[in-house]
Amino acid sequence: METYAIKMEHIQKGFSGVPVLKEVDFELKEGEIHALLGENGAGKSTLIKILSGAHEKDDGTVRVFGEEVEIHNPQDAHALGIQCIYQELSLIPHLSVADNIFLGRELGKKAWINERDTYKKAREMMDMLSLDINVKSQVQSLGIGAQFFTEICRCLLGNARIVILDEPTSAMTPIEYGYFLRAIKKLREQHISVIYISHRLDEIKDICDRVTILRDGKNVRTAEVKDITIPEIIHEMVGKDASGYLQRQQGADLTKAPVMMKLDHVSSAKIEDISFELKAGEILGVTGLLGAGKTELANVIFGVDKKTRGTITVDGREYTFKNPRQAMKAGIGLVPEDRKRTGLFQEFDIKSNIAIVNLEQMEQWKVLVHRSKEKELAKRCVKDMNVKCRNTNQKMKHLSGGNQQKVVLSKWIARNPKVLLLDEPTRGIDVGSKEEIYNLIHELANEGMAVMVLSSEMPEVLALSDRILILHDRKCKGEIAGEGATQEGILMTITGGGDDE
Ligand SMILES: Nc1ncnc2c1ncn2[C@@H]1O[C@H](COP(=O)(O)OP(=O)(O)OP(=O)(O)O)[C@@H](O)[C@H]1O
Ligand SMILES: [Mg+2]
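Keep in mind that this is a model prediction, so the values were computed, not measured.

Caption draft 1: Representation of the packing of helix H15 (residues 401-414) against helix H16 (residues 431-446) within the structure. Where H15 contacts H16, the axes come no closer than 13 Å and their chain directions differ by 10°. Between H15 and H16, the angle is such that the two are roughly parallel. On the side of H15, the interface is formed by Lys406, Leu409 and Ile413, while H16 contributes Ser433, Ile437, Leu440 and Leu444. Residue composition of the contact of H15 with H16, by class: five nonpolar, one polar and one charged.

Caption draft 2: Spatial organisation of the domain arrangement of the chain. As far as domains go, the chain holds domain 1 (4-238), domain 2 (257-317 + 419-430 + 459-501) and domain 3 (342-417). If you average the C-alpha positions of domain 1 and of domain 2, the two centres end up 34 Å apart. Listed by partner, the interface residues are 10 residues for domain 1 and six residues for domain 2. Both faces considered, domain 1 and domain 2 share a buried interface measuring about 670 Å² in area, 58% of it formed by carbon and sulfur atoms. Looking only at domain 1, the three residues that lose the most surface to domain 2 are Asn40, Ala171 and Thr173, adding up to 46% of its buried area. Linking domain 1 with domain 2 are zero salt bridges. Counting the contacts that link domain 1 with domain 2 gives two residue pairs in polar contact (both at pLDDT 80 or more). Tallied by class, the residues present in the side of domain 1 that touches domain 2 amount to three nonpolar, five polar and two charged.

Caption draft 3: View of the sheet that holds strand S18 (residues 450-454). Strand order in this open sheet of six strands is S16-S17-S18-S13-S19-S20, and the pairing throughout is mixed. Of all the strands in the sheet, just strand S16 (332-335) and strand S20 (475-481) have a single pairing partner and so form its edges. Each neighbouring strand pair of the sheet contributes to a mean axis angle of 20°, computed without reference to strand direction. The sheet contact formed by S16 and strand S17 (residues 419-423) spans four bridges and is parallel.

About the criteria used
Residues numbered from 1 in each chain as written. Chains lettered and ligands numbered in written order. Predicted model: local features only at pLDDT ≥ 70, side-chain atom pairs only at ≥ 80, totals over all residues. Heavy atoms only, no water. Axes fitted to C-alpha atoms, helices over the stretch in contact; angles between N-to-C directions. Helix = DSSP H or I, 4+ residues; strand = E, 2+ residues; numbered from the N terminus. Parallel < 35°, antiparallel > 145°, perpendicular 65-115°, else oblique. Contact = heavy atoms within 4.5 Å. Nonpolar A, V, L, I, M, F, W, Y, C, P; charged D, E, K, R; others polar. Domains from an automatic or database assignment. Buried area = accessible area lost by both parts, 1.4 Å probe. Salt bridge = Lys/Arg side-chain N within 4 Å of Asp/Glu carboxyl O. Polar contact = N/O pair within 3.5 Å; in protein donor to acceptor, adjacent residues only side chain to side chain. Pairing = 2+ DSSP bridges.

This is the structure we're talking about:
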């Protein structure tokens, strides 16, 4: 009989009496990389949190290397060799890579930290994973990829035998992703077993040995990756056929549409000399590799970063925004990239989160914030966006990752801005919901909203845009028509030019 690294049987878990996991069976073989897939709210994070000690199961059994265990807290999980890397990384930004790896388990018997050994050991771990990261650099100066690898090293140092990754690649650049592939294969060589959660289905074939698909809190299928196709995976996820390949819809005729926003040679501390026009009813895609300056561009338009040169015109009036409030007043909305930090109040409920950027709408009724209007608005948003929640009184932090993102989108859309900036709008959103959100964005544009979609996912930009602006190294590298654009074409423009790298 095979011993499994993990064997979960009949796992049940509910929150306030609402079942989330229903008799889930899940097995992880030793040394395998096992994908855990499913729509937003299917129960993936809940299942792995039972293993990592963040949640306790209501019923069922968990075996780790053949032995039945009770995991009550993260310490129990660590003692069993289970390490989890959540989407929100937990490093200390101003410490070095090496210090973060060894945090809490400093080398040397003496009270002081043996710096040379720390660096040497950290260097060896990076080498083992075939990574070229300077272990003396401060974590905050590094990209998401390097930060993630630092966490992996931390896990290895904790003698992990089972590593759980919750959406690790959603913010990685293609280059980082290449390193990630190599590193994860090294883990397999070390007989470490991995549970891998991702919404990027194209990765599954590169990375995983088996997949388990959850739908609505049940395990609907476990299969060898070689025995299942991506359309089959999507079918199991959503319970019906869906293409998974999203086609760009025919855009409206924009020749007579008025210009809604114009940037003329705009610079900030972080971007250089950007010019473009955005018409009412147009969807402008902005792409480039991570770090190209997309978020920085959104920030200068929205008054987060100071404009140092050039002019921004919105609906025929020139502005210099000192803060986001002024930008909002002029009719701009921004769905930020990092919802945890800037998009949401985790401790508040859904309806307050939606109301908070829509106060003017509420105030029309002359009661400071009219409770019933607040509720009505929230209900409409949740319905339009198909947010999976019990009701609008539910706290934000109790929604699944993808559903939180949907609330952020819906609250800004409810404001009905003239210009809507969407920064990585579907990060962490499942395939089925992505299609719904794309349709919604098209509808908004058809009603005359000017939309800017900033995204490093090229299929997303291709599916949505009338026109595509390509950024590289904080500057504009070119502009191409959405129709007939291809991924290769965009990459050519990024790498073309020949004036760098
Ligand atoms: N602490 C909690 N209290 C109440 N409900 C919760 C709590 N945590 C999760 N839920 C609910 O459990 C369900 C499953 O959530 P979970 O986070 O496991 O989904 P997921 O599959 O990880 O989705 P995503 O892809 O969006 O991250 C959701 O409906 C969510 O609202
Ligand atoms: Mg999740």
